[in-house]
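# Structural description and commentary
Given next are the chains, with one letter for each unit.
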Amino acid sequence: MIEPFSPEQVKCSGQRRLISYGTSSYGYDVRCADEFKVFTNINSTIVDPKDFDENSFVSLKSDVCIIPPNSFALARTVEYFRIPREVLVICLGKSTYARCGIIVNVTPLEPEWEGHVTLEFSNTTPLPAKIYAHEGVAQMLFLGADEPCATSYKDRNGKYQGQQGVTLPKA
């Protein structure tokens, strides 16, 4: 269901401390990959989810991402998910980031959805904020149902099914 999978919580790599990732008490802490799209208002366009302008982002591949004050960035999980038909997944940001004013937003992962999860990081502070790639950023909570759902994301041919990389809004 999760690839790559870490069966225990990882908190360090050699001498370097990490923001933890892997299996936790009742969930799984995901990592952020090193691919980012940082929002910019340089083109002064209107943010329209039905007609999104890709020029509203600057693409970055790096071990860290600096998000401007009162702005946001998109990223993706290192992990690829395949959600079973009788499971719904809810994602919440890690407290380490929340305590710095960085909010992680992800919509629920519906039954039979699969792909890399696109993560949205909102910097609610008046200062630049740093996100670390290859470290924990959010926790996935898995909710099991008593029976499989009647109609899954796959059944509906959801537009984000099988997404790879950072995926922008689709109308």
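Residues numbered from 1 in each chain as written. Predicted model: local features only at pLDDT ≥ 70, side-chain atom pairs only at ≥ 80, totals over all residues. Heavy atoms only, no water.

What follows covers the environment of Leu-168. Structurally, Leu-168 can be placed in the segment after β13 (136–144). For Leu-168, a relative accessible area of 13% gives the class buried. Sequence-wise, Leu-168 and Phe-57 are 111 residues apart; in three dimensions their C-alpha atoms are separated by 9.8 Å. Once residues lying within four places of it in the same chain are set aside, the contact partners of Leu-168 are Lys-37, Glu-54, Phe-57, Leu-74 and Tyr-160. (Helix = DSSP H or I, 4+ residues; strand = E, 2+ residues; numbered from the N terminus. Buried < 20%, exposed > 50% of the residue type's maximum accessible area, 1.4 Å probe, protein only. Contact = heavy atoms within 4.5 Å.)

Backbone torsion omega between Glu-3 and Pro-4 reads -10°, so that peptide bond is classified as cis. Mapping Pro-4 onto the fold places it in the loop between β1 (2–3) and β2 (10–13). Unusually for a residue other than glycine, Asn-70 sits at a positive phi of about 50°. When you line up the elements, Asn-70 lands in the loop between β7 (64–67) and β8 (72–82).

What follows concerns the nonpolar core. Of all hydrophobic cores here, the largest spans 32 residues; its most connected members are Phe-81, Leu-109, Phe-121, Ile-131 and Val-137. In contact with Ile-131, not counting residues within four places along its chain, are Cys-32, Phe-36, Asp-63, Val-64, Cys-65, Ile-67, Tyr-97, Ile-102, Phe-121 and Val-137. Of all hydrophobic cores here, the second largest spans 6 residues; its members include Phe-39, Phe-52, Leu-74 and Val-166. (Core = buried A, V, L, I, M, F, W, Y, C linked by side-chain atoms within 4.5 Å.)

The next thing to look at is the sheet that holds strand β9 (residues 87–93). Read across the open sheet, the 5 strands follow the order β2-β3-β4-β13-β9; overall the sheet is antiparallel. This sheet does not close on itself; its edge strands, each paired only once, are β2 and β9. In this sheet, neighbouring strand axes are inclined to one another by 35° on average, regardless of whether the strands run parallel or antiparallel. (Pairing = 2+ DSSP bridges. Axes fitted to C-alpha atoms, helices over the stretch in contact; angles between N-to-C directions.)

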